[in-house]
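These are the residues of each chain, in order.
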Amino acid sequence: MRKLLLLTLVVFVGLAFIARLYYLQVYDASSYNPLDDSAVRKVFTYPKRGYVYDRNGELLVANQPSYDVMVIPREVEPLDTLEFCSLLKITKEDFIKTYTKAKAYSPRLPYVFLSNLSKDDYAFLQEKMRKYDGFYIQKRSIRTYRKTIGANVLGDIGEVNQSIIDKDAYYGKGDLIGKQGIEKTYEKILRGVKGTKFIQKDRFNRDLGPFKDGKYDTIAKPGKDITITIDSKLQEYGELLMTNKRGGIIAIEPSSGEILAMISGPTYNPNLLVGRNRSKNFNKLYNDSLAQPLFDRGLQAMYPPGSPFKTLNALIGLQEGVVTPQDKFRCNLGFKYGNQRMGCHVHRSPADMNLGIYESCNAYFGNVYLKIMDKYQSRVEAMDKWSAHVRSFGLGDYLNNDLSVGQPGKIPTSQTYNRAYGEGKWYPTFTVSNAIGQGEVLTTPIQLANMAAAIGNRGYYYTPHIIKEIEDDTIPSKFTTPKYTTIDKKHFEPVVQGMFDVYNKGTAKMLKVPGIEICGKTGTAENFAIIDSVKTQLTDHSIFVAFAPKDNPKIAIAVFIENGYFGSRFAGKIASLMIEKYLRNEITRTDLENFVLRYSLEHEYKKPYSGEPFGINRETILDPISEEEFEELQRKKRRIERVND
Amino acid sequence: MIRENQRRFSFDWVIIIIYLLLIGFGYLNIMSASHEGEITNYLDMSESYGKQLVFMGLSVVLIVLILSVEAKFYERFASIIYVVAILSLLGLFVFGKDINGARSWYGIGSMTIQPSEFAKFATALAVAKYISDIQTNLKTIRDQLKAAALIFLPALLILLQNDAGSTLVYASFFFVFYREGLQQIYIIIGFSLLILAVLALKYGLTITGLLAALIIFGVYFLKRKRNNSIFKPILILIVSLIFASGVKLFYNNILKPHQQNRISLWLRLEKDPAKLERMKKAEAYNLIQSEEAISAGGFWGKGFMQGTRTTGKFVPEQDTDYIFSTVGEEWGFLGSSFVVILFVFLIIRIIYLAENQKSQFSRVYGYSVASIFFLHFTINIGMVMGLIPTVGIPLPFISYGGSGLWSFTILLFIFVKLDSNKINEW
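Residues numbered from 1 in each chain as written. Chains lettered and ligands numbered in written order. Predicted model: local features only at pLDDT ≥ 70, side-chain atom pairs only at ≥ 80, totals over all residues.

Visitor: Please clarify how the overall build of chain B should be interpreted in this entry.
Guide: When helices and strands are tallied, chain B shows 17 helices and three strands. In chain B, which comprises 426 residues, the share counted as buried stands at 42%. Pairs at least 24 apart in sequence give 69% of the contacts found in chain B among residues at least 6 apart. (Helix = DSSP H or I, 4+ residues; strand = E, 2+ residues; numbered from the N terminus. Buried ≥ 20, exposed ≤ 12 C-beta atoms within 10 Å, placed from the backbone. Contact = placed C-beta atoms within 7 Å.)

Visitor: Teacher, can you tell me more about the environment of Tyr105(A) here?
Guide: Here Tyr105(A) shows up in helix H3 (residues 92-105). Taking the C-alpha atoms as reference, Tyr105(A) lies 9.7 Å from Pro73(A); in sequence the two are 32 residues apart.

Visitor: Looking at this structure, how should I read the sheet that holds strand E9 (residues 207-210) of chain A?
Guide: Within a beta sheet, neighbouring strands are joined by backbone hydrogen bonds and run either parallel or antiparallel to one another. Residue and element names in this part refer to chain A. With respect to topology, three strands assemble into an open sheet ordered E1-E8-E9, the strand pairing being antiparallel. Every interior strand has two partners, whereas the edge strands, strand E1 (40-45) and E9, have only one. Direction aside, the axes of adjacent strands within the sheet are offset by 35 degrees on average. Of the pairings in the sheet, the one linking E1 to strand E8 (residues 195-201) comprises six bridges and is antiparallel in character. Pairing of valine 43 across the sheet is with lysine 197, part of E8. (Pairing = 2+ DSSP bridges. Axes fitted to C-alpha atoms, helices over the stretch in contact; angles between N-to-C directions.)

Visitor: For this particular structure, what's the right way to read the pairing of strand E19 (residues 534-548) of chain A?
Guide: The two faces of a sheet get side chains in turn, since along a regular strand they alternate between them. All names here are of chain A. Here E19 lies mainly inside the structure; 11 of its 15 residues are buried. As paired elements, strand E18 (residues 519-531) and E19 share 12 bridges and run antiparallel to each other. Each bridged residue has a counterpart across the sheet, and for phenylalanine 528 the counterpart in E19 is glutamine 537. Linking two consecutive strands that pair antiparallel, namely E18 and E19, is a turn of two residues; a positive phi of about 50 degrees is found at aspartate 532 within it. The sheet contact formed by E19 and strand E20 (residues 555-561) spans seven bridges and is antiparallel.

Visitor: What is the right way to read the sheet that holds E19(A) from this model?
Guide: Residues and elements named next belong to chain A. Strand order across the open sheet formed by five strands is E12-E11-E20-E19-E18, with antiparallel pairing between neighbours. Edge strands, defined here as strands with exactly one partner in the open sheet, are strand E12 (258-265) and E18. Ignoring strand direction, the axes of neighbouring strands in this sheet form an average angle of 10 degrees. Sheet topology places strand E11 (residues 247-253) next to E20; six bridges connect them, and they run antiparallel. Paired with isoleucine 250 across the bridge in E20 is alanine 558. Each of E11 and E12 is contacted by helix H9 (residues 232-241), which is oriented at about 25 degrees to E12, the strand it contacts most.

Visitor: What exactly am I supposed to notice about the packing of helix H12 (residues 310-320) of chain A against helix H18 (residues 492-504) of chain A here?
Guide: In helix packing, the relevant descriptors are the interaxial angle and the interaxial distance, both defined with respect to the helix axes. All names here are of chain A. Relative to each other, H12 and H18 sit at 155 degrees, their axes nearing to 9 Å. By the angle between their directions, the pair H12 and H18 is classed as roughly antiparallel. Read as a crossing pair, H12 and H18 show a hand that is right-handed. Mapping the contact onto sequence places Thr311, Ala314 and Leu315 in H12 and Phe492, Val495 and Met499 in H18. Taken together, the residues of the contact of H12 with H18 break down into five nonpolar, one polar and no charged. (Parallel < 35°, antiparallel > 145°, perpendicular 65-115°, else oblique. Left-handed = near helix turned anticlockwise from the far one by under 90°. Nonpolar A, V, L, I, M, F, W, Y, C, P; charged D, E, K, R; others polar.)

Visitor: Would you take a moment to explain the interface of chain B and chain A for this structure?
Guide: The extent of an interface is frequently quoted as the accessible surface area lost upon association of the parts. Contact residues are listed per partner, giving 34 residues for chain B and 30 residues for chain A. Elements with a contribution of two residues or more to the side of chain B that touches chain A: helix H8 (173-179), helix H13 (285-297), helix H14 (308-311), helix H15 (323-355) and helix H16 (360-384) of chain B. Examining the composition of the side of chain B that touches chain A, we find that 12 residues originate from one element, H15(B), more than from any other.

Below is the structure:
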């Protein structure tokens, strides 16, 4: 017994130690990764971010160096704060505030004390920086926008936020990431892969040299350049036309689905979101709740499309065989259904399909719609059939493209009405507003442009997209595969002819561009605002969709101008100008151009906030800008033309 | 002729091989822990690894000397060696040199010698000599006190030199005395006091008192014999309470702040998060770094000279007291367990051989050696892995240091010599 005490203890202690070792080294430890080793310093080298070119090879986005003043608090020696602050052009309060933050972050790690010095400041400061221990200047690369256009298209980059860092191990504090636009959608391609250098450090955080002779080090892979489908000239011209207006313009090349222009008004200079004032400027844009410059109206604004939608009902009627192009319907300043009435305007009657389209006859399409609904025994089946036809044009759902924002729009199905009225308790007459693009139908401008492209193509479309080429890579196949609508090719001609006659003798006959066969359709959308908790109607939105030329179209376009009143008043003019600009690169209809540039809608946008009663639609007036402002816009236009030639 | 051969080759090779393995492995780890940049000169005397190599060479000389001396010499001269050791400890108060706050070194040129290391084997010899005396009976209080005095004298001197860690090593003789006849009650009392002390610090006097009362009276009523007085358990309880209060008092008033904090960290006494954070940066810094280094080793270890925490010198004292964290980081679970197993085998082998000695002197000495190694092994590795509070004593044969290496070598090889001589005794 006496002999056993020490022996037992020795064995016990030995086992306890091995158990503890097992816990520390095997159970509790994960596999070794130098990235997690706090004894190894990680130094990242950031690759060049890819450039962005437009479809004609023009450089839109490049990089510029930026200089940050960094601080390592524990290395800071007492300094002449006043002198230092005046060098950096900051106040002493700023200095103390930032320094306290840096210290709280970590006394040992570098902290961005002042970001994005200008080149001049840098040159000046570089000499003086040696005097201040613990401070140094670090070079970074930020974006520069060669043209001040396409802020909504190009987007911007900014410091990555914590929620992304938590999810994606690639990003670290202070890394830059695409925040909006193509910078966001093509982040992975543009950013490249950052390189990592591992440096062995000692417990005082001093460098001892490369860790394991650089065995784990990786070299930065430069970001790839991309070419986008935007035609920067067209984009620039569109943005000019959008001056003093709110709305969106989307132009698509029907034969490829490439987005030629994507304008949202009001817009802003993309260079505002670069560098040191980024967050200040961003907040200003973000908080502008009236003009909402960050709201991409071309992609996100959902409205009832109005008359352009009628073309789809004509196509569906033909496909379903309930109407022929020759069938006529009577229009008596509108049309009666049940005990209700849908108004129309003065035009010849009865109307066949051609007349129905170019005169935009509500009675014609109300009748066609009801015939479609009556074809099937069951209302549910008819409604869903109709809905499927409409959806095959890319409406009612996300386009699933490469833009960072979007909206699905809305196309009703039988379920929509079952939910609203109760199972089976609704009738086609309840839904007849769908015939004229009102009712439960909502679309975005890009969806309308795509619809125009599908009609121009006579039955198919390519998903509208912004990417044209990726350096050493191909673009996703979903953008190069055509998507067919449910309408047979043969049914398109009468509708195309109708849209063509809109320009010849219909609602857009004043907008003709000599020598270009344009097919289009005007539209208006009623809209409302809540003013002092009263739902108040505002001036209609002006809508226009078009494609040109009539055969083998090169451009399909949708224009949407907030409170622009009827379709040809603003939207139609802009559409004609854009088409001419793109196809000819010069403007013969300068009268249209002058009109669009001269008349501002700003007064219209102020009405709801004026606090006074106001008139809409018929009571609205055209409000010209001052002669000086007009001259300024003309100069701007000539400058654009000069630069682009 | 045959007898000559037998004598020459009767050293215990198991011990010698384990010894060589530990020394060699220790040297590799000292190299890792102390080198800065490439090693160009293995005999660079300004570096720990250079010096250690010289110490190892001198150890070989010591071993040859120890083994060639007549075995009876150690028994005969035990008293004189002990007196010399005590004198050298006393001399420190006059000629000693302060290093890290402890006055434990003699400076000879650039070299330092730590007499407390050598006092261990001297005490072991003296204890062996005293106990093996035919007139000594450890069952009597008188002889117990005499034996205790042999230990307390050097222990006290070392404590006065501010080297609490080395003092603790002398507790290892407790195992020796127990083996040689000390009553079991001492073991029970010893463990009870240890538990009482921990309870008093962790849970306070009230809970400790209640718990003690419960156990004491429980035992009393369960094992009651005729006419057993109720006063005995009451007396025990009172003594326990006095002891517990004494521990509290000692902890609060006598221990130095850093010692308090080490115990407080181990028992997790500190509740104030701000203070705990401060303590983690001060007293617990070594421990946290050493645990992280060991964890970083994983199963296979990062390989010789590949430990990032070792190379970065994150663990202070990593070539001396904290050498085991180097083993942990660079050799992983495999290497660390190997070291633990080597020590366990070494100590068991010594115990086994000691039990087989014919002379009581050899047996007691062997037992002392095993106990001393056991205490060093337990305290050092336990501390490095955070199992017991921080106490600064080296890991035998592995830690850097001449005095330590030589003293452990002498300690071990006197026993090897005594063991090889058992054939001549009857």
